[in-house]
Amino acid sequence: MANKSSSTTIDPVFTQPDEGSPRIHVQGGFLWDRQDAYLFDIDGTLLRSRDRIHYESFFESVRSVMGRELVLDGVTLSGNTDPGILYDAFRLAELDDEHWQPMLADVLAHMRATVAAQRDQMDLVKMPGVDEILAYLYGKSAALGIGTGNLESIGWLKLEVLGVRRWFTFGGFADNFPARADMIADAARQARSIKGADASVCVVGDTPFDIRAARANGLPTIAVATGRYSFNDLMQDQPEVCASTLAALMNV
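For the structure given in this document, a descriptive report is provided here. Counting restarts for each chain: residues are numbered from 1 in the order of the written sequence. Where totals are concerned, whole chains, interfaces and linings use all residues; where local detail is concerned, this predicted model gives features only for residues with pLDDT of at least 70, and gives and counts side-chain atom pairs only at 80 or more. Side-chain calculation: all heavy atoms of the structure are included, whereas hydrogens and water are not.

**Here's the deal with the environment of Gln35**
No. 1: Strands here are runs of E lasting at least two residues and helices are runs of H or I lasting at least four, both read from the DSSP assignment and numbered beginning at the N terminus. Along the chain, Gln35 falls in the loop between β2 (24-26) and β3 (37-40).
No. 2: Each residue gets one of three labels from its accessible area relative to the maximum for its type: buried under 20%, exposed over 50%, partly exposed in between, using a 1.4 Å probe on protein chains only. You can call Gln35 buried: its relative accessible area is 13%.
No. 3: Between the C-alpha atoms of Gln35 and Asn232, which are 197 residues apart in sequence, the distance is 25 Å.
No. 4: Only heavy atoms enter the contact rule, under which two residues are in contact if any of them lie within 4.5 Å. Excluding residues that lie within four positions of it along the chain, Gln35 makes contacts with Phe30, Ala142, Ser200, Cys202 and Pro220.
No. 5: Under the rule applied, a polar contact is a pair of N or O atoms within 3.5 Å (in protein, one hydrogen donor and one hydrogen acceptor; residues adjacent in sequence only if both atoms are side-chain atoms). Polar contacts involving the side chain of Gln35 include one to the main-chain carbonyl oxygen of Leu31, which spans 3.0 Å.

This is the structure we're talking about:
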């Protein structure tokens, strides 16, 4: 599907992805389907988890490794990274670095093992338009990668269970990058190692933090309102593209 116009706006009241009319905004001059590489966020962008396996792994791992109860009250989850969530929780609890940093690697390892052990219990829902947009961009010879706050093994596992792993050849993950902008920088480097040093790279995500991390690296964003943040919320950060769903974007 070709980009029909350099600027398209369809803008009724925001609804959930499966309700009402689509909303789409494309910044004038930005050709959303002509980028050399795309970095897709996972949770809220490609899928939604109806289970609590990943979420509960934070609590279970901190309890098992550190012998304390984790409190996530006041911690931003959507758009954060797995290590970043733990960093924020420990700091809000006023826990000295020396009391958690030496055990962080073990906590993360326990999270990976805990999630992997429950693979068969994962209940994941594919977001509207995921199959269509991945096939479309792949058909245009774009490099498809991941840019997620998930730990690597957890992220790939979700994509395998969802049935979309085959589309992705590389990924930026949070194992070594608690700051999202750093993770995106790493994923962009991988993309350009595949498509060339001057390749255009676009971030696809569902939170303002995806937009800000992309902008910190000089990259454009396709924002989709399929997660916690509404279309209007996302538009406040002025992404190059904002759509109610990936399916709506395919109609541009």
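There is more to say after this.
**Focus on the packing of aromatic side chains**
No. 1: Aromatic rings from Phe, Tyr and Trp, with only the six-membered ring used for Trp, were paired whenever their centres fell within 6.5 Å, and each pair was classed as stacked if the ring planes differed by under 30 degrees, edge-to-face if by over 60, and tilted otherwise. All chains considered together, the criterion is met by 8 aromatic pairs.
No. 2: With centroids separated by 5.8 Å and ring planes inclined at 50°, the aromatic side chains of Trp32 and Tyr136 adopt a geometry described as tilted. Here Trp32, found in the loop between β2 and β3, pairs with Tyr136, found in helix α4 (residues 130-139); they are 104 residues apart in sequence, far enough to count as distant. By the burial criterion, Trp32 is buried, and Tyr136 matches it.
No. 3: Their ring planes at 65° and their centres at 5.1 Å tell us that Tyr55 and Phe59 sit as a pair that is edge-to-face. You can see Tyr55 and its partner Phe59 sitting in helix α1 (residues 53-66), 4 residues apart, about one turn around the helix.
No. 4: Phe59 gets classed as buried once you look at its relative accessible area, which sits at 14%.
No. 5: One cation-aromatic arrangement involves Arg165 over Trp156; the distance from NZ or CZ to the ring centre is 3.7 Å. When the NZ atom of lysine or the CZ atom of arginine is within 6 Å of a ring's centre and also within 35 degrees of its normal, the charge is said to sit over that ring.

**With respect to the state of the cysteines**
No. 1: Cysteine sulfur atoms that come within 2.5 Å of each other are treated as a disulfide pair. Under the definition given, this model contains 0 disulfides.
No. 2: The thiol of Cys202 is not disulfide-bonded; the next cysteine sulfur, from Cys242, is found 12 Å away.
No. 3: For Cys242, a relative accessible area of 0% gives the class buried.

**So, α4**
No. 1: Listed in full, the buried residues belonging to α4 are Val130, Ile133, Leu134, Tyr136 and Leu137. On an axial view of α4, the arc spanned by its buried residues comes to 165°, and they lie on one face. Every exposed residue of α4 that faces more than 90 degrees away from the buried side is listed here: Tyr138 and Gly139.
No. 2: The elements touched by buried residues of α4 are β3, β5 (124-126), β6 (143-147) and α9 (246-249).
No. 3: With its phi angle positive at about 70°, Ser141 sits one or two positions after the end of α4. Taken from the helix axis, the directions to the C-beta atoms give the arc we talk about.

**Quick look at unusual backbone geometry**
No. 1: Positive phi, close to 55°, is recorded for Glu94, a residue that is not glycine.
No. 2: Of note, Glu94 is situated in the loop between α2 (82-92) and α3 (101-117).
No. 3: Glu94 gets classed as exposed once you look at its relative accessible area, which sits at 71%.
No. 4: Phi at Ser141 takes a positive value of approximately 70°, unusual for a residue other than glycine.
No. 5: Locating Ser141 in the fold gives a position in the loop between α4 and β6.
No. 6: Given a relative accessible area of 51%, Ser141 falls into the exposed group.

**Re the pairing of strand β8 (residues 201-205)**
No. 1: Of all 5 residues that make up β8, 5 are buried, and the element is covered over most of its length.
No. 2: Residues Val201, Val203 and Gly205 of β8 are buried on one face, and the alternating residues Cys202 and Val204, pointing to the opposite face, are buried as well.
No. 3: Should DSSP find at least two bridges between two strands, the strands are regarded as paired. Bridge count for β3 against β8 is 4 bridges, and the pairing is parallel. The residue of β8 that forms the bridge with Phe40 is Val204.
No. 4: Across 3 bridges, the pairing between β8 and strand β9 (residues 221-224) is parallel. Looking at the pairing, Gly205 lines up with Ala223 of β9.
No. 5: By convention, a crossover is right-handed whenever its connection, traced from the first strand over the helix to the second and viewed with the strands pointing away, goes clockwise. The β-α-β motif built from β8, the intervening helix α7 (residues 208-216) and the parallel element β9 has right-handed crossover chirality.

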